[in-house]
Amino acid sequence: MSTRQIISPGLVNRRKFLQLTAAGGGMLMLAACGGSGGASGHTEIIFWLPGGTQTYCNAHNTIEKDYQKLHPNIQMPPVLCGTGKQDYTEVLLAHIAAGNAPDATLYWDSPVSLGASGAAMDLTSMMANSQHAKIDKWPAGALASCQFNDKIYGLPITAGVFSMWYNAEWFERKGISVKREDFPKTWDALRALSKEFTTWKGDELQTIGFPVLHTPAQGSDRYNLPMWSALNGSQIYDAENKKYTIDSEANIAMMDYFLSWLNEEYRGDVNYLLRAKVIWDAYPDAQTGRAPAFQTQKQAMVLQGSWMVGDFYTWTGPSFEKWNVAPLPLGPGGTKQISGDWPNWAVIPRGAKHAAEAFQYLDYMSATGVRTWFNVLPDLPANADFSHSILPDGLVQKRGKAFAQEIMDFFYQQQQIVTPMWNSPVEGFASDQIGTAIARVMTKAAKPKQAMAEAQKACQDKLDSVLRKK
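Note that the structure is predicted; figures quoted are calculated from it, not measured. (Residues numbered from 1 in each chain as written. Predicted model: local features only at pLDDT ≥ 70, side-chain atom pairs only at ≥ 80, totals over all residues. Heavy atoms only, no water.)

1. Some thoughts on the overall build of the protein
Here is step 1: Across its full length, the protein carries 17 helices and 15 strands.
Here is step 2: Its C-alpha atoms give the protein a radius of gyration of 22 Å, near enough to 23 Å, the size a compact globule of 470 residues would have.
Here is step 3: Along the first, second and third principal axes, the C-alpha set of the protein runs to 75 × 55 × 40 Å.
Here is step 4: Counting only residues that meet the buried cut, the protein has 58% of its 470 residues in that class.
Here is step 5: In the protein, of all internal contacts separated by at least 6 residues, the share reaching a separation of at least 24 is 75%.
Here is step 6: Carbon and sulfur atoms make up 50% of the accessible area of the protein, which amounts to about 18600 Å² in all.
Here is step 7: A gap of 4 Å separates the mean positions of the 43 positive and 44 negative side-chain charges of the protein. (Helix = DSSP H or I, 4+ residues; strand = E, 2+ residues; numbered from the N terminus. Rg over C-alpha atoms; globule rule 2.2 N^0.38 Å. Buried < 20%, exposed > 50% of the residue type's maximum accessible area, 1.4 Å probe, protein only. Contact = heavy atoms within 4.5 Å. Areas by Shrake-Rupley, 256 points an atom, 1.4 Å probe, with all protein chains shown as cover. Lys, Arg positive; Asp, Glu negative; His and termini not counted. Charge placed at Lys NZ, Arg CZ, Asp CG, Glu CD.)

2. Considerations on the state of the cysteines
Here is step 1: Applying the stated rule across the entire model yields one disulfide.
Here is step 2: The side chain of cysteine 57 participates in a disulfide bridge whose partner is cysteine 81; the two sulfur atoms lie 1.6 Å from each other. Of note, the bridge from cysteine 57 to cysteine 81 carries an S-S torsion of about -45° and is left-handed in sense. Linking cysteine 57 in helix H2 (residues 54–70) with cysteine 81 in strand E4 (residues 80–81), this pair joins segments that are 24 residues apart in sequence.
Here is step 3: With a relative accessible area of 12%, cysteine 81 lands in the buried category. (Disulfide = S-S within 2.5 Å.)

3. Focus: the nonpolar core
Here is step 1: In terms of nonpolar packing, the biggest core is built from 131 residues, with Phe47, Met301, Trp323, Ile348 and Phe411 touching the most fellow members.
Here is step 2: By residue number, the principal contributor to this core is helix H13 (residues 355–376), which donates ten residues.
Here is step 3: Core analysis: the next-biggest nonpolar cluster, separate from the first, contains 17 residues, Tyr107, Val112, Ala119 and Phe148 among them. (Core = buried A, V, L, I, M, F, W, Y, C linked by side-chain atoms within 4.5 Å.)

4. Notes on unusual backbone geometry
Here is step 1: Even without a glycine there, the phi angle at asparagine 149 is positive, about 55°.
Here is step 2: Here asparagine 149 shows up in the loop between strand E6 (147–148) and strand E7 (151–152).
Here is step 3: Located in the positive-phi region is arginine 267, a residue other than glycine, with phi close to 55°.

Purely spatial values, then, with no claim about function.
What follows is the structure in structure tokens.
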């Protein structure tokens, strides 16, 4: 069976979705930035975003304006919001190399990779003297994604957490408890429950409970694997010892488990999942326009982030109202409950002309400016100084204040048990290798032990190469 024929047909993760919907889609010739002192002696701070919807970009312009009112000596032009069809990281690195870096930017890949390559500034000393951004103001798991060699290269301004989302109305119709405390606590229980919702029409999947790893190479499974690994008592990367552990016995057992799940529930062929008329997720397929299975009641459970409290309703006309969330279930080797996150990091690039002033702006954004951001896009603020009584307006309108507060409290609790992720100097390279390993296993092009060993060697070799250059 050819792997090429069964690669995921365009499922995009949420960050890519935001990039694809960014305002302005053409090639951008970016002007030199950060070099002037601003008009009339003002300090000009240049701030960039990797992309986003027009509403999201406008929110950041509002944050800038609010900050300037408090600091009349600061001047901030409108944010650069994305780089069109150009890769944002490539554009950013090119400006850093040319000495024209912005003063600060949000970053959607690991700041550790920027820091390890010397492309981002160490923020540790500035954090120590800050109002909101001190080290103890951040969840340990989120902050770990910014740390390398005892230095901190970013601030996890928001850190949305993953959990299991489920269709409570569908559960009720089947006589299944909708209480969070009754949701499956183990992979075995989740696997058994999933079969209750999976139906076929001939060789075509009609509905499913929960999809096993099914987005080889291109999709979000490659980013989620560190969570599954931690749930099974292992890890993908050992940051303390700078070693990959992809081919640990527990990780091989994990892949064997998911492969047996594929064989049992999905007739042993990932193609049945990949060629369905819907996309098995809570986001539409950007390339084909296929609808998200979760909102259309084709999929009962989905692994997604807390940002879904807003995004759930962006799909036109969800066919049910009552959803709920639960902790991630443990694998056979799991010993403690964990969650995972996907932060929005803020970094100060090497060569920033006004690093001190830029950091003061990031300090403001951490607890105050993020309120405007949160009101537009309810990604989960990570800083301890952000009030947990502030609720997403849209969720309150849809489900009521009591439900909204309870759900947000749950997410903030999960934020405290995030397993370390995004903390490798070669994070992007490793994600690609993990995606390839998943593809080879789930398409049966390689046994789990072989695929994981290949990914282990590639990632460790790449990491060792980067570390030798330090």
